[in-house]
Amino acid sequence: MAVTSNLPPVAEALPESTPEVRRRGRRRPLVWVALVAASVVFLYPFAWLLSASVKPGEQVFDNALLPQQVVLGNYAEIWRAAPVAAWLSNSVAVSLAAALAATVASSLVSFGFAYFRFPGRNALFGLVLATMMLPGAVTMIPVYLIWNEAGLASTQVPLWAGNLFGSAFYIFLLRQFFLGLPRELFEAARIDGASYWTLFWRIAVPLCKPAMVVTFVFELKASWSDLLKPLIYLRDPALYTLPRGLKALSDQFGQAGEQRWEIVLAGSVLTTLPMIIVFFLAQRHFVDGISTRRRAD
């Protein structure tokens, strides 16, 4: 007795010599050349910075990637010339506070826009996105006056506390991830008696962890490299962050100063390396976030 199968027939493998396969084979070397060229363009400035930071002062701008003389004492000199350890700890504290505040606040707001259905939701969300079109220069003076009235204009609080109100870009980013979650999960949890906070913390956050990590890293980098706010609010050198301290070093040893650019460049390397390490450690979450977004779409 013959046994019939309802399984669909297996598609035949495409021949290796089809026109499409040949076109892909011809394009692959071009893709690799383009990737290598782009990598060189992006890596050259950092390679030059790293090389110049270990050169003697008179050789800093000779544009040679391999220094004729390596002077590691430039890095020891910058620790003696400025309170770099204090600036580093200030940057770590401010950046972590800013990233944590932006991630928590933006995720709460974005979950509200994604889960709740209420009149005017889309209009309100559009109003939130419209704030992205406001240049920072427009709100700079009013925000400063607010912090000044609160007596916090000369502290580190304005550098991170504004993130407690969320960020329009991060709200948009996280909302798209929350919208991709099956609503049946939340409805089943509500039937079991789960609160709205439980829906957010126990279901939404674990499923959207890659997006939240990306948000945290983006804001960490933005706060770490921010110079404008420290220039506006910080007056005490003991409160300086690394970018503000690097500006002070540039004024002292660089332009119109002692012309010791090797010290300034060594400080630039110390400022840049932590973010390179952070992005290296978090790159898996960037890939997970992209793949999760594609599956949701």
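Residues numbered from 1 in each chain as written. Predicted model: local features only at pLDDT ≥ 70, side-chain atom pairs only at ≥ 80, totals over all residues. Heavy atoms only, no water.

> Explanation requested: the packing of helix H3 (residues 84–115) against helix H8 (residues 196–207) in the structure shown.
Geometrically, a packed helix pair is captured by the angle between its two axes and the distance between the axes. The N-to-C vectors of H3 and H8 enclose an angle of 105°; their axes lie 11 Å apart at closest approach. Classed by the angle they form, the pair H3 and H8 counts as roughly perpendicular. Of H8, the residues touching H3 (which contributes Ser 107, Leu 108, Phe 111 and Tyr 115) are Tyr 196, Trp 197, Leu 199, Phe 200 and Ala 204. Of the residues that constitute the contact of H3 with H8, the class distribution is 8 nonpolar, 1 polar and no charged. (Axes fitted to C-alpha atoms, helices over the stretch in contact; angles between N-to-C directions. Helix = DSSP H or I, 4+ residues; strand = E, 2+ residues; numbered from the N terminus. Parallel < 35°, antiparallel > 145°, perpendicular 65-115°, else oblique. Contact = heavy atoms within 4.5 Å. Nonpolar A, V, L, I, M, F, W, Y, C, P; charged D, E, K, R; others polar.)

> I'm lost on the side chain of Ser 106 in this one. Help?
Positionally, Ser 106 belongs in helix H3. Since its relative accessible area comes to 0%, Ser 106 is described here as buried. Of the polar contacts made by the side chain of Ser 106, one reaches the backbone oxygen of Ala 102; its length is 2.7 Å. The contact partners of Ser 106, leaving out residues within four places of it in the chain, are Gly 166, Ser 167, Tyr 170, Ile 171 and Leu 174. (Buried < 20%, exposed > 50% of the residue type's maximum accessible area, 1.4 Å probe, protein only. Polar contact = N/O pair within 3.5 Å; in protein donor to acceptor, adjacent residues only side chain to side chain.)

> Just checking my understanding: could you explain the confidence of the model for the protein for this structure?
Any region with low pLDDT has predicted coordinates that should not be read closely. For the protein, per-residue confidence averages 86 on the pLDDT scale, and residues scoring 70 or more make up 88% of the total. Mean pLDDT values over the elements of the protein span from 79, in helix H12 (residues 261–296), up to 96, in H3. In this model, residues 1–5 is a region of pLDDT below 50 whose contacts with residues beyond four sequence positions or in other chains number 0 contacts. Note on residues 7–14: pLDDT is under 50 here. Beyond four places in sequence and across chains, it has 0 contacts. (pLDDT = per-residue confidence, 0-100.)

> Sorry, what's going on with the nonpolar core here?
The nonpolar side chains of a soluble globular protein tend to be buried, and buried together. Counting residues in each nonpolar core, the largest one holds 22 residues, and the members touching the most others are Trp 87 and Leu 249. Of all the secondary-structure elements, those providing two or more residues to this core are H3, helix H9 (209–224), helix H10 (228–233), helix H11 (242–253) and H12. Setting aside residues no more than four positions away along its own chain, Trp 87 makes contact with Ala 82, Pro 237, Tyr 240, Thr 241, Leu 242, Gly 245, Leu 246 and Leu 249. (Core = buried A, V, L, I, M, F, W, Y, C linked by side-chain atoms within 4.5 Å.)

> Is there a simple way to explain the pattern of salt bridges in this structure?
Side-chain pairs of opposite charge can arise whenever the charged atoms involved come near each other. In this structure the tally under the stated criterion is 6 salt bridges. In this structure, Glu 187 and Arg 183 form a salt bridge, with 3.9 Å as the shortest nitrogen-oxygen distance. Of this pair, Glu 187 and Arg 183 both sit in helix H7 (residues 183–191), separated by 4 residues, roughly a single helical turn. Residue class for Arg 183 comes out partly exposed when judged on its relative accessible area of 29%. A salt bridge links Lys 247 to Asp 251; its shortest N-O distance comes to 2.9 Å. Here the residue Lys 247 and the residue Asp 251 both occupy positions in helix H11, the gap between them amounting to 4 residues, near one helical turn. A relative accessible area of 28% means that Lys 247 is categorised as partly exposed. Owing to a relative accessible area of 37%, Asp 251 belongs among the partly exposed residues under this scheme. In this structure, a network of salt bridges that share partners links the residues Glu 77, Arg 80, Arg 260 and Glu 262. (Salt bridge = Lys/Arg side-chain N within 4 Å of Asp/Glu carboxyl O.)

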